[in-house]
Amino acid sequence: MSYALLVHAAPYSQQGALSALRFANAVVERGHRLSTVFFYHDGVHNASALMSPPQDEVQLADGWKRLHREGGTQLLVCIAAGLRRGLVDTGEAARHGLNSHSVEPPFELTGVGQLVDAMLENDRLITFAP
C-alpha cells in the first residue's frame, strides 16, 4: 500500500506533527511505501531549518529528514503557506530580496498541485490536523 500524508499541525505546539511522524515511521516499518509528506497551513513550520528544540525533546525535523534519506519520501512544503509564515528557500529569498532563508533540502517549496498529484498517485492520503 502506498501512502501520502498531509500535515497541518505546527511542530511542538500541537500533537498533530508528532502523531504524523509516528504514523509515518509505522507505515515504513510495516513495509508500506510513504511517497510524500505535504506540509500545509501551520504545518509548514516543520520545514524550518531554524528550529532548535531542547536535546531531550523529539527532533521532528531530523525524523522527517530520515524518512527522506532512508526511503526517498518527498517532503513538500506549500509555497503560499510558507511565504505567509516567513519560510523561504534560497531561490524564494533571492526572488523577494530577502537576506536569508529558512527552508533547506530535503524540504521543497511547491504548489498545491503536488498535493493533488500525491492524492491521485497513492492508495491513501492521511491528514494530521492540530
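The structure we're discussing is the one just above.
Keep in mind it's a predicted model, so treat the numbers as computed, not measured.

Each value, and the rule that gives it
Residues numbered from 1 in each chain as written. Predicted model: local features only at pLDDT ≥ 70, side-chain atom pairs only at ≥ 80, totals over all residues. Heavy atoms only, no water. Pairing = 2+ DSSP bridges. Helix = DSSP H or I, 4+ residues; strand = E, 2+ residues; numbered from the N terminus. Axes fitted to C-alpha atoms, helices over the stretch in contact; angles between N-to-C directions. Contact = heavy atoms within 4.5 Å. Parallel < 35°, antiparallel > 145°, perpendicular 65-115°, else oblique. Left-handed = near helix turned anticlockwise from the far one by under 90°. Nonpolar A, V, L, I, M, F, W, Y, C, P; charged D, E, K, R; others polar. Polar contact = N/O pair within 3.5 Å; in protein donor to acceptor, adjacent residues only side chain to side chain.

Novice: Describe the sheet that holds strand β5 (residues 124-128), and please don't skip the residues or the numbers.
Specialist: Spatially, five strands are ordered β4-β3-β2-β1-β5 in an open sheet, and the strand pairing comes out parallel. The open sheet has two edge strands with one neighbour each: β4 (107-110) and β5. For this sheet, the mean inter-axis angle between neighbouring strands, taken without regard to orientation, is 25°. Inspection of the sheet shows strand β1 (residues 2-7) paired to strand β2 (residues 33-39) by six bridges, in the parallel sense. Looking across to β2, one finds that Ser2 is bridged to Arg33. Each of β1, β2 and β5 touches helix α1 (residues 15-29); the most contacted strand, β1, lies at about 170° to it.

Novice: Before we move on, can you summarise the packing of α1 against helix α2 (residues 60-71) with the specific residues and values?
Specialist: Interaxial distance between α1 and α2 falls to 11 Å at its minimum, and their mutual angle equals 30°. Taken together, α1 and α2 sit at an angle that is classed as roughly parallel. For α1 against α2, the interelement crossing comes out left-handed. Facing Ala17, Leu18, Ala20, Leu21, Ala24, Asn25 and Val28 of α1, the residues of α2 in contact are Leu60, Gly63, Trp64, Arg66 and Leu67. Tallied by class, residues from the contact of α1 with α2 come to nine nonpolar, two polar and one charged.

Novice: Can you tell me about the environment of Ser102, naming the residues and giving the values?
Specialist: For Ser102, the position within the fold is in the loop between α4 (90-95) and β4. Separated by 51 residues in the primary sequence, Ser102 and Met51 place their C-alpha atoms 9.3 Å from one another. Dropping the residues within four chain positions of it, Ser102 is found in contact with Ala47, Ser48, Ala49, Leu50, Gly86, Leu87 and Val88. Polar contacts involving the side chain of Ser102 include one to the main-chain carbonyl oxygen of Gly86, which spans 3.2 Å.

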